[in-house]
Amino acid sequence: MSTALGDRHENYLNVDSSVKSWLLTTDHKRIAILYLLAATLFFLVGSVFAGLIRLNLMTPYGDLVQAETYNKLFTMHGITMIFFFLIPSIPAVLGNFLIPMMIGAKDVAFPRLNLLSWYVYILGGTFTLVAATLGGVDTGWTFYAPYSTVYANTNVIVTALGIFITGFSSILTGLNFIVTIHKLRAPGMKWSRLPLFVWAHYATSLIMVLGTPVIAITLLLVALERGLHLGIFDPALGGDPILFQDLFWFYSHPAVYIMILPSMGVVSELIACFSRKRIFGYEFVAASSLAIAILGFLVWGHHMFVSGQSVYAGMVFSLLSFLVAIPSAIKVFNWTATMYKGSIAYDAPMLYAMGFIGLFTIGGLTGLFLATLGADVHVHDTYFVIAHFHYIMVGGAMMGYLGGIHFWWPKMSGRLYPEAWSRAAGLILFVGFNLTFFPQFILGFLGMPRRYHVYPPEFQVLNVMSSAGATILGVGYLIPLIYLLWSLRYGPPAGPNPWGAKGLEWETPSPPPTQNFEKTPIVTEEAYAYAPTEAEVG
Amino acid sequence: MSLGFPLFPEQASTIAGQVDMLLLFLIGVSAIFAGSIFLMVILFAIKYRRRSEKERPRPILGNLSLEIIWTVIPLGLALIMFAWGAWLYFAINSPPADAMEVFVVAKQWMWKIQQPSGMREINELHVPVDRPVKLTMTSEDTIHSFFVPEFRVKKDVVPGRYTTVWFQATKPGEYHLFCTQYCGTNHANMIGRIVVMTPEAYGAWVRGGGAAESPAVAGARLFQRSGCAGCHLPDGKGPAPSLVGVFGKPVTLTTKQTVIADEAYLREHILTPGSKVVAGYPPIMPPFKGLLSEDQLVQIIAYIKSLAAEQKAKAE
């Protein structure tokens, strides 16, 4: 194919290097890079908050920061990581870059809308950063009323507006992906031939479009109630604080699937490539993404088992929560079965994928504890919950994101990164992550409540272990940041397909030309057709 | 249960052992599943490692019976977890009828507790061992949550409504009381202790508290002072229904709905009487919103409750 172009072919990066060309670009690949820069910035900010939290918890007495500061730190950590890093990370960076290429399109369906989404995201992020510099916000990322609407003395309205604005970026991106996947597939790219990454993003986009308006309305109501005392959530004015929780979790539980589904899509691609095999049970893996997206909307009440919600409502939400666990289990089994009799290479992306399977499995199984009514009563709002959702969001979503970045970095940048360093970083992250978060499960069993600035001294040993792990985790994040930047200048050219992977994105040069393909590809085979062709067998 | 390294807090209530059994079952099932997944991933990664760049494994598209097996088995296990957890949840949420009643009013950042004897405590709750205790709780400001790890019980304390939690302590001793719903700056300092005493020691402790007024007696005085007694005559001949024997019974509203006259209904009715008027009576009661504190409300309700208990005692 186009390998003859060599390293200095015209591509989306070198076609125009002016700042203006970047800020006004409608190329989905350049927009993906813009998102990558912004998301990395938010990740670093969120990590600093996390580091200070862990440092404070080294001792039981809150020696580092005051209670007010601590409360702002965990609030800003949650808000930055969830709304400004995890939710946009894989869809807006990898999804933007890859979906058009994977389906053989020149761009997304609405390129200018795509650029607008980025600006909306930046605007929302700016609001939130302004709120942080004005003194922060201390409601927790959950904004529970009536604390947020009456009692908090911090920048609730500015922060809520920031999240409200950013929500539109999410909605528009989801809309763009849905239309792109429906209308722009290359000839022969049937639904049954779509890479599982695209299926996962299709399911994610449905949640973004259907769920995000609800959080937008909810946060707007919080801001209005705070400003105008409407009496929607405040019982002193005739409102109902539990109503806030229903509205908030109606979005925020599905939001977890916005974070994890794209990561599952990445992992499907990685396992197939580095096992050189078609994904076992392709249809089941694809269908389970949709099942998760749909069932995910019906389980929000499991966040409210001790809120005073009716016992019978609790039973219904518990049962539905168990049902949503099944499609996730199906995925894990199918990935594992894909490795059976494969040809497995230990490149860095595969290490991340295997790390994902391990950590996501623990995260998913501990979710069952929280879905089990009688068990949840004890561990609810303790460190058990913190450990559980970090296994899902960091162990799952973040490992998938980094695995994806490592897999497609040669495609995005045209360069290879140092192999040994990348494998070492993967292992350091895995060890650091487990040391940080596994002790928190035990802290939760023992009864340590979340969001505590000081704690009884008997919990100190486990907290010190957790903080030590966080240090290792921090090193694990820093190493890839360094060698990926290094590779931009010093990395050897990657060539179009360094992994021997299947998929249309690998059939075009690295970095790809602005139009992605020289001519529209025609798809004649299933996804992951790694098997020898008849000619090769014969 | 004793482990070298403590995994759970001490078991100090009748429910604690049952919760731990369920947790151990969940840990066991999780360990088996996670263990087999890890083992297979590692085993396959080693056994099928790429030996040559030319390797092209034969494709295995899938296997329907495997898909069915690994859907049905986890589903079955999930249903067992669900049923066990729901059964226990019911027990945790069903206080026995003869439970000792304690009132809890939470506020930023303290627990205000009133004993049946009328004694008040702050951030401490003294209870006798081996006797069920039911807490009726509300909040004066934001949402709090009442958590005693050694008892394995937890319930949010919500402004504008009553929630209840109950336990039966099994061991004298001192246990943690934590607020587990984030409630502002000093959330982490909204902690206290539960002191479980032998019945004799508890009796002595209550007597030592002096001649405090019980909530029902204080409520009776408020009932007079707030003007309730002028209309709610005990013989039912006033412009408002008699409250004797009403507590816990169904009442019919003007909307033809029937509601149980429990704490939540009485509270709502005292604060905003216009919303649910009892059939056959004119809607003349003034709202008491803003006129009564949470503590006073609890006392009036305790008085109305005591009227029902007196009537029952007379009937027997």
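Predicted model only: the values in this text are computed from it and were never measured.

Topic: the overall build of chain A
Here is step 1 of the chain: Looking only at helices and strands, chain A has 16 helices and zero strands in total.
Here is step 2 of the chain: Dimensions along the principal axes, computed over C-alpha positions, put chain A at roughly 75 × 45 × 45 Å.
Here is step 3 of the chain: Burial statistics for chain A: of 538 residues in total, 62% are counted as buried.
Here is step 4 of the chain: Contacts spanning at least 24 positions in sequence make up 85% of the contacts within chain A whose residues lie at least 6 apart.

A look at the overall build of chain B
Here is step 1 of the chain: Within chain B one finds seven helices and twelve strands.
Here is step 2 of the chain: Here the C-alpha atoms of chain B give a radius of gyration of 27 Å, more than 25% beyond the 20 Å that 2.2 N^0.38 yields for 316 residues.
Here is step 3 of the chain: Of all 316 residues assigned to chain B, the portion counted as buried reaches 35%.
Here is step 4 of the chain: Contacts spanning at least 24 positions in sequence make up 64% of the contacts within chain B whose residues lie at least 6 apart.

Let's talk about the interface of chain B and chain A
Here is step 1 of the chain: In this complex, chain B contributes 70 residues to the contact, which on the side of chain A involves 73 residues.
Here is step 2 of the chain: Elements with a contribution of two residues or more to the side of chain B that touches chain A: helix H1 (16-47), helix H2 (64-92), strand E6 (144-148), strand E7 (153-157) and strand E9 (173-179) of chain B.
Here is step 3 of the chain: In terms of residue count, the dominant contributor to the side of chain B that touches chain A is H2(B) (14 residues).
Here is step 4 of the chain: Residue classes in the side of chain B that touches chain A are distributed as 42 nonpolar, 16 polar and twelve charged.

Things to note about unusual backbone geometry
Here is step 1 of the chain: Geometrically, the link from Ala145(A) to Pro146(A) is a cis peptide bond, its omega value of 0 degrees lying close to zero.
Here is step 2 of the chain: Mapping Pro146(A) onto the fold places it in the loop between helix H4 (111-133) and helix H5 (147-151).
Here is step 3 of the chain: Note the cis peptide between Gln108(B) and Trp109(B), where omega equals -10 degrees.
Here is step 4 of the chain: Relative to the elements of secondary structure, Trp109(B) occurs in the loop between strand E1 (100-107) and strand E2 (110-114).

Considerations on the packing of helix H11 (residues 348-371) of chain A against helix H14 (residues 419-446) of chain A
Residues and elements named next belong to chain A.
Here is step 1 of the chain: Taken N-terminus to C-terminus, the directions of H11 and H14 make an angle of 10 degrees; their axes are 9 Å apart at the nearest point. Between H11 and H14, the crossing angle belongs to the class labelled roughly parallel. The segment H11 lies against H14, with Ala348, Leu351, Tyr352, Gly355, Leu359 and Thr366 engaging Glu419, Ser422, Arg423, Gly426, Phe430, Phe433 and Phe441.
Here is step 2 of the chain: Looking at side-chain class alone, the contact of H11 with H14 contains seven nonpolar, four polar and two charged residues.

Notes on the sheet that holds strand E3 (residues 120-122) of chain B
For sheets, the rule is that strands pair by backbone hydrogen bonds, running either parallel or antiparallel.
Residues and elements named next belong to chain B.
Here is step 1 of the chain: Across the sheet, which stays open at both edges, the five strands sit in the order E3-E2-E1-E5-E8 with mixed pairing between neighbours. Two strands close off the open sheet at either side, each with one partner strand: E3 and strand E8 (163-168). Going from strand to strand, the sheet's axes swing by 25 degrees on average, the running direction of each strand aside.
Here is step 2 of the chain: Note: strand E5 (residues 132-139) against E8, six bridges, orientation antiparallel. Among the inter-strand pairings, Met137 is bridged to a residue of E8, identified as Thr163.

Notes on helix H6 (residues 263-271) of chain B
Given 3.6 residues per helical turn, the α-helix brings residues three or four places apart onto the same face.
Residue and element names in this part refer to chain B.
Here is step 1 of the chain: Those residues of H6 that fall on the buried side of the exposure criterion are Glu263, Arg267, His269 and Ile270. One side of H6 holds all its buried residues, which, seen down the axis, span an arc of 170 degrees.
Here is step 2 of the chain: Each element contacted by the buried residues of H6 is listed here: E5 and helix H7 (294-315).

Let's talk about the packing of helix H3 (residues 67-102) of chain A against helix H7 (residues 196-228) of chain A
Residue and element names in this part refer to chain A.
Here is step 1 of the chain: Direction vectors running N to C along H3 and H7 enclose 125 degrees, while the axes themselves pass 10 Å from each other. When the interaxial angle is binned, H3 and H7 end up oblique. Judged by the sense of rotation from one axis to the other, the crossing of H3 with H7 is left-handed. Residues Pro91, Gly95, Leu98, Ile99 and Met102 of H3 form the contact with H7, whose participating residues are Phe197, Val198, His201 and Thr204.

Some remarks on the domain arrangement of chain B
Residues and elements named next belong to chain B.
Here is step 1 of the chain: Partitioning chain B into domains gives domain 1 (100-208) and domain 2 (215-315).
Here is step 2 of the chain: Computed from C-alpha coordinates alone, the two centres of domain 1 and domain 2 are separated by 26 Å.
Here is step 3 of the chain: Counting residues at the interface gives nine residues for domain 1 and eight residues for domain 2.
Here is step 4 of the chain: Looking at the side of domain 1 that touches domain 2, the elements that each hand over two or more residues are E1 and E5.
Here is step 5 of the chain: Across the side of domain 1 that touches domain 2, the residue classes tally to three nonpolar, four polar and two charged.

With respect to the sheet that holds E6(B)
Residue and element names in this part refer to chain B.
Here is step 1 of the chain: The five strands are arranged E4-E10-E9-E6-E7 in an open sheet whose pairing can be described as mixed. Bordering the open sheet on either side are strand E4 (124-128) and E7, each of which pairs with just one other strand. When strand polarity is set aside, the average angle formed by the axes of neighbouring strands in this sheet is 20 degrees.
Here is step 2 of the chain: With respect to the sheet, helix H3 (residues 199-208) is in contact with E4 and strand E10 (192-197), its orientation differing from that of E4 by roughly 130 degrees.

Overview of the environment of Ala424(A)
All names here are of chain A.
Here is step 1 of the chain: Positionally, Ala424 belongs in helix H14.
Here is step 2 of the chain: According to the C-beta neighbour criterion, Ala424 is partly exposed, with 16 such atoms within 10 Å.
Here is step 3 of the chain: Through-space distance from the C-alpha of Ala424 to that of Arg451 is 33 Å; in sequence the pair is 27 residues apart.

Points about the pairing of E2(B)
All names here are of chain B.
Here is step 1 of the chain: Both E1 and E2 contribute to a ladder of five bridges, which runs antiparallel. By the bridge assignment, Val104 is partnered in E2 with Ile113.
Here is step 2 of the chain: Where E1 hands over to E2, the hairpin turn is made up of two residues, counted between the paired strands.
Here is step 3 of the chain: Judged from the three bridges that link them, E2 and E3 form a sheet pairing that is antiparallel. Each residue of the ladder has a partner; that of Ile113, found in E3, is Glu121.

A look at the confidence of the model for chain A
Here is step 1 of the chain: With 98% of its residues at a pLDDT of 70 or more, chain A shows a mean pLDDT of 94.
Here is step 2 of the chain: Contacts from residues 1-6 of chain A, a stretch scored under 50 in pLDDT, to residues over four places away or in other chains number nine contacts.

Some details on the environment of Met137(B)
Residue and element names in this part refer to chain B.
Here is step 1 of the chain: Inspection of the secondary structure assignment puts Met137 in strand E5.
Here is step 2 of the chain: Take Met137: there are 25 C-beta atoms within 10 Å of it, and that puts it in the buried class.
Here is step 3 of the chain: Separated by 102 residues in sequence, Met137 and Pro239 have C-alpha atoms that sit 32 Å apart.

Brief notes about the environment of Leu247(A)
All names here are of chain A.
Here is step 1 of the chain: Within the secondary structure layout, Leu247 lies in helix H8 (residues 241-275).
Here is step 2 of the chain: By the C-beta count within 10 Å, which is 21 here, Leu247 ends up buried.
Here is step 3 of the chain: Taking the C-alpha atoms as reference points, Leu247 and Ile215, 32 residues apart in sequence, are found 7.2 Å from one another.
Here is step 4 of the chain: With residues near it in sequence (within four places) discarded, Leu247 still touches Val214 and Thr218.

Calculation notes
Residues numbered from 1 in each chain as written. Chains lettered and ligands numbered in written order. Predicted model: local features only at pLDDT ≥ 70, side-chain atom pairs only at ≥ 80, totals over all residues. Helix = DSSP H or I, 4+ residues; strand = E, 2+ residues; numbered from the N terminus. Buried ≥ 20, exposed ≤ 12 C-beta atoms within 10 Å, placed from the backbone. Contact = placed C-beta atoms within 7 Å. Rg over C-alpha atoms; globule rule 2.2 N^0.38 Å. Nonpolar A, V, L, I, M, F, W, Y, C, P; charged D, E, K, R; others polar. Axes fitted to C-alpha atoms, helices over the stretch in contact; angles between N-to-C directions. Parallel < 35°, antiparallel > 145°, perpendicular 65-115°, else oblique. Pairing = 2+ DSSP bridges. Arc of directions from axis to C-beta. Left-handed = near helix turned anticlockwise from the far one by under 90°. Domains from an automatic or database assignment. pLDDT = per-residue confidence, 0-100.

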